[in-house]
Amino acid sequence: MTVAACPGCVAGTPSAVAAAHRIAENDKAIHLALPQIRCAACIAGVEGVLARLPSVKAARVNLGAKRVRIVLSPGYDASAALQALNDAGFEAHELDATALRPAGDDTGRRLLARAAVAGFAMMNVMAVSVAVWSGAGDITREMFHWVSAAIALPALAFSAVPFFASASVALRAGRMNMDVPIALAILLAAATSLYETFAATGAHTWFDAALSLTFFLLVGRYLEHRARATARSAAAELTALELPRATRLTATGRETVDVSALMPDDRIALAAGARAPVDGIALGAVMVDRSALTGEADAVAVAAGGAICAGEVILGTPLTLRVTRRAEDSTLRRLAALVEVAETGKHRYSGIADRAARLYAPVVHGLAALAFVVWWALTGDLYHAIAVATATLIITCPCALALAIPAVTAAMTGRLFRAGVLLKSPTALERLAEIDTVLFDKTGTLTEGVARLPALDAEVASVAFALAQASDHPASRALAAALQGQMPADLRDLQEVPGEGVCGLWHGARVSLRRGQEGPELHLPDRSIPLPLSETPRAGAAEAVNALRGRGMEVAMVTGDTAQRAEALANTLGIATVHAAVRPEDKAGLARDMAARGKRVLMVGDGLNDTAALAGAHASLAPATALDAARVASDGVMLGGDLSAVADTLRLARRARSRIRQNLGLAAAYNAVAIPVAVMGFATPLMAAAVMSSSSILVVLNAVRR
């Protein structure tokens, strides 16, 4: 039996990660950086390329982090995936899994610098253009056109690089992305203006429009980048807690080493106030702050030999830590992997954005070409036709649609994590938003038990302790805690049967620990000894029930305990529906029966006997103290000990669903209004750039607002 003191540790057990990612034992997960991806079309393109490779079992793109996580079949490496992505025009680089730590905001700084150059050049060209607009003579007008070209062309060559580079890579690979029409629009404006300058036939040039277009697009992209950074993922927040170096204790003294070099059984020194860089065992008693992992503000006492998780802060006194896991297997890394699954998974609404992205290139370029032909035919004005086509190319960019879902998912998943709930399933938010019935397990979920033991002789106590240690039932854990310090008896053939208890052989005779009328009972060959258990409601249980009922949800309790004990607790908490004396195999059947009556059931449980119900319910949550099997089967883990997190989770899930619908509506409304306006010639390229950027920013701000 594995004992973990840290809720973060037990929430992120390797088995939970494996279940969430559907990785077989011999499969290999790698991360590739994709610095050039920008939109839903890029996501669909990357995943489509990887889906055709026999070496790739699964791939999931994280647009916010600009990387893809790939699960490879045994015997394969990243080379085929890298080659395929680069051949398709997606710049890809393999990432070191031990170095997935957020770097400085280089992207934001570069965008801001390019926007500053474009803005400065735009203002100077506009100042020069005043003379042209005020009716300057031919020679003066031509001179000012050349001055404008001298300012604008170098500025565009620097500032518009993000659009040109992205469009060039896409076109060389024979595909389209959202930067192709933007680059085309900038080139059209600049080329037409340069032609007018050389030919000296026109009264005006569009250098100021080309610079203004670039400036507003860069400002919009920068603001979008900053808004998305506000909603940075909980996975990024976890990896931000990682430390690059540690002080390792050796036979000759101390040495500073990279955290990635630490191996199990190494000793490291942690100062008071330091954060643990890896998981380990405390070689001394200490107080720790686990708020970064569990959301619980109170310090926790850890005895010598207790578990310390990466990311926890050592309080009061220095500590020597014996390393138990390497950095890549730490609690922080495993939790980050689970969160990323939830953030990057596909929603029911994702199909709308994916289909729109696939239609984007042919529809946009077809509309722009049609607008150009019609306006040139109607007016004979080539420049006006080009302006309409350019505005159409810009205004139809599907940035808002691409951001509608991932921005909400990242914001809400991160908000839930900070509230102490770790979602593991990519569709959990969507299913949690549909819940109308909450089914709570009783023992260990709604209650916490404390054993009230009679006087026991040493031999009997040792048998009871050995049996209690062999079981993960909450009552057994309470009994084991009460008997702490005893020497366990030497029992053979220990076996636990869900709902029945745990039994074994002691000196050849069968002994067992089973459920009795007042709690656990120890059954010896010659007698039975009651071991009473006093149950108290778990923190936040009453508040959670009241909040759920206040929102019109049905709340029920299911337990294998007696009806009398179950109804007494139900009356205390205000639960009207009680299903008592239910066998483990019948709990899943109860959830199915509720679903058959049209209920969307959230199962909240912690035991081995709850596993089937957790897996079969519409959605499920487990406390961090639950068995490993229950945590793996659930959609989310409550890292703190307060059950009020259940109500908070359902509230935030419904808010996420509402925000996704709002964002899809905003994106659809924007396109419904903007496209006809551009095609009918009512929007200049400059207006189109401002409106398109504003729609993207609006969608992201709606996702991150409280």
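Worth saying up front: this structure is predicted, and the values here are computed from it rather than measured.

1. Some details on the overall build of the protein chain
Inference 1: Helix and strand counts for the protein chain stand at 26 helices and 27 strands.
Inference 2: Contacts in the protein chain between residues at least 24 apart in sequence constitute 69% of all its contacts with a sequence separation of at least 6.

2. Overview of helix H21 (residues 563-573)
Inference 1: For H21, every residue scored as buried is listed here: Ala566, Leu569, Ala570 and Leu573. Along the axis of H21, the buried positions cluster into a sector of 105 degrees, meaning they face one direction only. Exposed residues lying more than 90 degrees from the buried face of H21 are Gln564, Asn571 and Thr572.
Inference 2: One or two residues past the end of H21 sits Gly574, with phi positive at roughly 85 degrees.

3. Brief notes about the confidence of the model for the protein chain
Inference 1: Looking at the protein chain, pLDDT values average 78 and 79% of them are 70 or higher.
Inference 2: Here residues 14-25 scores under 50 on pLDDT; set against residues more than four positions off or in separate chains, the count is 23 contacts.
Inference 3: Note that pLDDT drops below 50 for residues 230-234; the model gives that stretch eleven contacts with residues more than four away or on any other chain.

4. Overview of the packing of aromatic side chains
Inference 1: Enumeration according to the criterion identifies two aromatic pairs in this entry.
Inference 2: Aromatic pair Trp146 and Phe198: ring centres 5.0 Å apart, planes at 80 degrees, arrangement edge-to-face. Remark: Phe198 occurs in helix H8 (residues 179-199) and Trp146 occurs in helix H6 (residues 138-159); sequence separation between them is 52 residues.
Inference 3: Where Phe372 meets Trp376, the ring centres are 5.5 Å apart and the plane angle is 50 degrees; that geometry is what we call tilted. With Phe372 and Trp376 both in helix H13 (residues 350-379) and four residues apart, the pair spans about one turn of that helix.
Inference 4: Of the residues examined, Phe372 reaches a relative accessible area of 23% and is grouped as partly exposed.
Inference 5: Classification of Trp376 as partly exposed rests on a relative accessible area of 43%.
Inference 6: For Arg114, the ring lying beneath its charged end belongs to Phe158, and the centroid distance is 4.8 Å.

5. Here we look at the sheet that holds strand E5 (residues 245-250)
Inference 1: If you trace the six strands from one edge of the open sheet to the other, you get E6-E5-E7-E13-E8-E11, paired in antiparallel fashion. Of all the strands in the sheet, just strand E6 (253-258) and strand E11 (307-308) have a single pairing partner and so form its edges.
Inference 2: As defined by bridge partners, strand E8 (residues 280-282) adjoins E11 across two bridges and the pair is classed as antiparallel. Among the inter-strand pairings, Ile281 is bridged to a residue of E11, identified as Ala307.

6. Quick notes on a nonpolar patch on the surface
Inference 1: A contiguous nonpolar surface patch, about 410 Å² in accessible area, is contributed by Tyr195, Trp376, Leu382 and Tyr383.
Inference 2: For Tyr195, a relative accessible area of 52% puts it in the exposed group.

7. Some points on unusual backbone geometry
Inference 1: Phi angles above zero are rare outside glycine, and Asp265 is one such case at about 80 degrees.
Inference 2: Structurally, the position occupied by Asp265 is in the loop between E6 and strand E7 (267-270).
Inference 3: Of note, the phi angle at Ala581 is positive, near 55 degrees, even though the residue is not glycine.
Inference 4: Exposure remark for Ala581: the relative accessible area of 55% places this residue in the exposed category.

8. Section: the sheet that holds strand E14 (residues 421-423)
Inference 1: Taken together, the seven strands give an open sheet; going across it, the order is E14-E27-E26-E25-E15-E23-E24, and neighbouring strands pair in mixed fashion. Two strands lie at the open edges of the sheet, namely E14 and strand E24 (577-579), each paired on one side alone. Strand-to-strand, the axes of this sheet are offset by a mean angle of 20 degrees, without reference to chain direction.
Inference 2: Where strand E15 (residues 437-441) and strand E25 (residues 601-604) come together, four bridges link them in parallel fashion. By the bridge assignment, Val438 is partnered in E25 with Leu602.

9. Observations regarding the side chain of Ser159
Inference 1: With respect to the element layout, Ser159 can be found in helix H6.
Inference 2: A residue is classified by how much of its surface remains accessible, and Ser159, at 0% relative accessible area, is buried.
Inference 3: Reaching out from Ser159, the side chain makes a polar contact with the backbone oxygen of Arg114 at a distance of 3.0 Å.

10. Looking at the packing of helix H14 (residues 382-395) against helix H25 (residues 644-679)
Inference 1: At a minimum axis separation of 8 Å, H14 and H25 run at an interaxial angle of 170 degrees. One way to sum up the angle between H14 and H25 is to call them roughly antiparallel. Helix-helix and strand crossings are classified by hand; for H14 and H25 the assignment is left-handed. Residues Val388, Ala391, Thr392 and Ile395 of H14 form the contact with H25, whose own contacting residues are Tyr670, Ala674, Ala678 and Val679.
Inference 2: Across the contact of H14 with H25, the residue classes break down as seven nonpolar, one polar and no charged.

11. Some thoughts on the environment of Val219
Inference 1: One can find Val219 in helix H9 (residues 207-230).
Inference 2: Taking the relative accessible area as the measure of exposure, Val219 reaches 27% and is therefore partly exposed.

12. As for the nonpolar core
Generally speaking, nonpolar side chains in soluble globular proteins are found buried as a group.
Inference 1: Counting 45 residues, the largest nonpolar core has Val438, Phe440, Leu446, Leu548, Leu602 and Val646 as its most contacted members.
Inference 2: For this core, the leading source of residues is H25, giving nine residues.
Inference 3: When neighbours within four sequence positions are excluded, Leu446 is seen to be in contact with Phe440, Asp441, Thr536, Pro537, Arg538, Ala541, Met557, Leu569, Leu573, Ile575 and Leu643.
Inference 4: Formed by 31 residues, the second largest nonpolar core is a distinct cluster that contains Ala160, Ile186, Ile394 and Ile395.

The rules behind each value
Residues numbered from 1 in each chain as written. Predicted model: local features only at pLDDT ≥ 70, side-chain atom pairs only at ≥ 80, totals over all residues. Heavy atoms only, no water. Helix = DSSP H or I, 4+ residues; strand = E, 2+ residues; numbered from the N terminus. Contact = heavy atoms within 4.5 Å. Buried < 20%, exposed > 50% of the residue type's maximum accessible area, 1.4 Å probe, protein only. Arc of directions from axis to C-beta. pLDDT = per-residue confidence, 0-100. Phe/Tyr/Trp six-rings, centres within 6.5 Å; stacked < 30°, edge-to-face > 60°. Lys NZ or Arg CZ within 6 Å of the ring centre and 35° of its normal. Pairing = 2+ DSSP bridges. Patch = residues over 30% accessible without salt bridge, like charges linked within 9 Å, V, L, I, M, F, W, Y side chains within 5 Å. Areas by Shrake-Rupley, 256 points an atom, 1.4 Å probe, with all protein chains shown as cover. Salt bridge = Lys/Arg side-chain N within 4 Å of Asp/Glu carboxyl O. Axes fitted to C-alpha atoms, helices over the stretch in contact; angles between N-to-C directions. Polar contact = N/O pair within 3.5 Å; in protein donor to acceptor, adjacent residues only side chain to side chain. Parallel < 35°, antiparallel > 145°, perpendicular 65-115°, else oblique. Left-handed = near helix turned anticlockwise from the far one by under 90°. Nonpolar A, V, L, I, M, F, W, Y, C, P; charged D, E, K, R; others polar. Core = buried A, V, L, I, M, F, W, Y, C linked by side-chain atoms within 4.5 Å.

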